[in-house]
Amino acid sequence: MSSIRKIQVTFDCAEPERVARFWCEVLGYVVPPAPEGFATWADYEHSLPPEQQGAGFVCSDPTGVGPRLYFQRVPEGKVVKNRVHLDVRVGTGLVGEERLAALEAECARLIPLGATRERLLLADEYNESCLVMLDVEGNEFCLD
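On a predicted model such as this, the values are computed, not experimentally measured, just so you know.

A. Summary view of the overall build of the chain. If you tally the helices and strands in the chain, you get three helices and seven strands. Counting from the amino terminus, the chain carries its helices and strands in the arrangement β-α-α-β-β-β-α-β-β-β. Reported as C-alpha extents along the three principal axes, the dimensions of the chain are approximately 55 × 40 × 30 Å. Expressed as a percentage of its 144 residues, the buried residues of the chain come to 32%. Roughly 9200 Å² of accessible area belongs to the chain as shown, and the carbon and sulfur atoms make up 56% of that amount. A distance of 3 Å separates the average location of the 14 positive side-chain charges in the chain from that of its 23 negative side-chain charges.

Here's what the structure looks like:
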């Protein structure tokens with residue numbers, strides 16, 4: 001029998017700290033303490049060579065249950081749909097109008113943070129409704 005392993009989800013992006021802080025707000029995640037010997041992450045960043053400054057940022061579930069999220073700077077921009085995306089589970093167990101209301105309420109909370117509403121996918125005979133959105137750099141995610 002194999003053991004369960006923790007995972008980290010890694011995002012390629014242009015501005016790692018900006019995207020990480022967006023996801024902290026979406027998920028209730030936190031930025032971990034700065035490395036030992038540094039009062040702040042900014043102090044740590046200033047200790048790095050210029051080409052490494054701002055190259056990565058992390059956030060994590062304060063309960064330790066959810067996966068760690070790592071954001072790494074890459075030179076190329078996003079050009080196609082994500083092959084993997086996050087589903088933010090705000091409507092679990094809800095159906096019909098109650099589910100739609102929960103999705104819309106979360107959408108309204110996220111738009112001022114920089115998210116963009118993409119499209120609402122209404123329930124069919126197989127799936128419940130979900131709302132497709134974009135994060136601050138245009139990466140797709142769903143309110144589910």
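There is more to say, and it comes next.
B. Region of the structure containing the nonpolar core. By size, the foremost hydrophobic cluster in this structure holds 24 residues, and its most contacted members are Trp23, Phe71, Met133, Phe141 and Leu143. Where this core is concerned, the elements lending two or more residues are β1 (8–13), α1 (16–27), β2 (56–59), β3 (68–73), β4 (86–88), α3 (96–110), β6 (130–134) and β7 (140–143). No other element matches α1, which puts six residues into this core. In contact with Phe141, not counting residues within four places along its chain, are Phe22, Trp23, His85, Leu86, Val88, Leu110, Ala115, Leu131, Val132, Met133, Leu134 and Asp135.

C. Examining the environment of Arg117 more closely. One can find Arg117 in strand β5 (residues 116–121). For the pair formed by Arg117 and Glu104, sequence separation is 13 residues and the distance between their alpha carbons is 9.9 Å. Contacts of Arg117, omitting those with residues within four sequence positions, involve Glu104, Cys107, Ile111, Leu131, Val132 and Met133.

The rules behind the values
Residues numbered from 1 in each chain as written. Predicted model: local features only at pLDDT ≥ 70, side-chain atom pairs only at ≥ 80, totals over all residues. Heavy atoms only, no water. Helix = DSSP H or I, 4+ residues; strand = E, 2+ residues; numbered from the N terminus. Buried < 20%, exposed > 50% of the residue type's maximum accessible area, 1.4 Å probe, protein only. Areas by Shrake-Rupley, 256 points an atom, 1.4 Å probe, with all protein chains shown as cover. Lys, Arg positive; Asp, Glu negative; His and termini not counted. Charge placed at Lys NZ, Arg CZ, Asp CG, Glu CD. Core = buried A, V, L, I, M, F, W, Y, C linked by side-chain atoms within 4.5 Å. Contact = heavy atoms within 4.5 Å.

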